[in-house]
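# Reading the structure
As a plain string of letters, each chain reads:
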Amino acid sequence: AEQQILDYVYDHKINITGIIAWKDREVILASILGKALSLPHTPVEVVENVRNKVKTRLLLDRFQGINPDYAVVTNEEQFMLAINKIGVPCVLKQAGNSGGRGMRNIDTLDSALTIYKQFIISNKAQASEMYHYFNEASLLEKKIFGTEHSVNGVVANGEVITLGIIDKKIDHVISLQYENIVPSSLDLEVRKKVISIANEVIKALK
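Residues numbered from 1 in each chain as written. Predicted model: local features only at pLDDT ≥ 70, side-chain atom pairs only at ≥ 80, totals over all residues. Heavy atoms only, no water.

### So, the packing of helix α1 (residues 2–11) against helix α2 (residues 27–36)
Heads up, the rule is: Helix axes are fitted only over the stretch in contact, all axes being lines through C-alpha atoms; the angle between N-to-C directions runs from 0 to 180 degrees. Only DSSP runs of H or I reaching four residues or more are called helices, and only runs of E reaching two or more are called strands; each is numbered from the N terminus. In this scheme, roughly parallel covers angles under 35 degrees and roughly antiparallel covers those over 145, while 65 to 115 is roughly perpendicular and the rest are oblique. When the near helix sits turned anticlockwise from the far one by under a right angle, the crossing is termed left-handed; a clockwise turn instead gives a right-handed crossing. We call two residues in contact whenever any of their non-hydrogen atoms come within 4.5 Å of each other.
Here α1 crosses α2 at 40 degrees, and the two axes come no closer than 10 Å. On the basis of their axis angle, the class for α1 and α2 is oblique. Seen from above, α1 lies across α2 with right-handed handedness. For the pair α1 and α2, contact is made by E2, I5, L6 and Y10 and by L29, I32, L33 and A36, respectively.

### Observations regarding the nonpolar core
We count it as follows: Here, the term nonpolar core denotes a set of buried Ala, Val, Leu, Ile, Met, Phe, Trp, Tyr and Cys residues that are joined through side-chain atoms within 4.5 Å. Residue exposure (1.4 Å probe, protein chains only): buried if accessible area is under 20% of the type maximum, exposed if over 50%, otherwise partly exposed.
Ranked by size, the top nonpolar core spans 14 residues in total, and within it V73, F79, I83, L92, I106 and L140 carry the most contacts. Those elements that provide at least two residues to this core are β1 (70–73), α5 (76–86), β2 (90–94) and α6 (109–125). Setting aside its immediate chain neighbours within four residues, I106 contacts F79, I83, V88, P89, C90, L92, S111, A112, I115 and L140. Counting 7 residues, the second-largest nonpolar core is a separate cluster that includes V46, V201, A204 and L205.

### Here we look at the pairing of strand β7 (residues 176–181)
Filter applied, for reference: Only strands that DSSP links by at least two bridges are regarded as paired with each other.
Examined bridge by bridge, strand β6 (residues 159–171) and β7 share 5 bridges and lie antiparallel to one another. Its bridge partner lying in β7, K169 is registered against E179. Linking β6 to β7, which pair antiparallel, is a turn of 4 residues; within it S175 sits at a positive phi near 55 degrees.

As structure tokens, this is what we get:
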């Protein structure tokens, strides 16, 4: 895709002044194109810290109390060692997916290995490339209960600009987020803490 886009830009003498990626799937491509065209862009290694959940967890290890108990697994043996250490309930995730795609909840140790095998087979069979990014490893995470929120904003010229906090409504049975609510109903002090943590993490991505 990179070479085809660049060839088209050069052949048609298109003057591009910026590139924006709207979905997770395109953020790495936007970064690569930004570098190739000498445009403002986020470095690829920084983008991968966000897109690759394994790299994200490793980076967040620098911050006390942010990560759930987790393990990186690449095969059945590692998976069984990890789940016996982490315990249930837990969540099995692909490193490169988003929006809950392919995720599996594990509620009992007896069902764990069967779910892991189904997880690997099912994700390999998916046509969408989203299921195949960074698929050399998966994440097993201790399940956290509570409300879910996201911080929205931009980073410009090294400055983190927070636009707001969103409260998410999620159907956990089918792992589907179906509503975003703004403004957030979180207490002011909680919102301040969330934004402070987000800013620290974003700066650490460099």
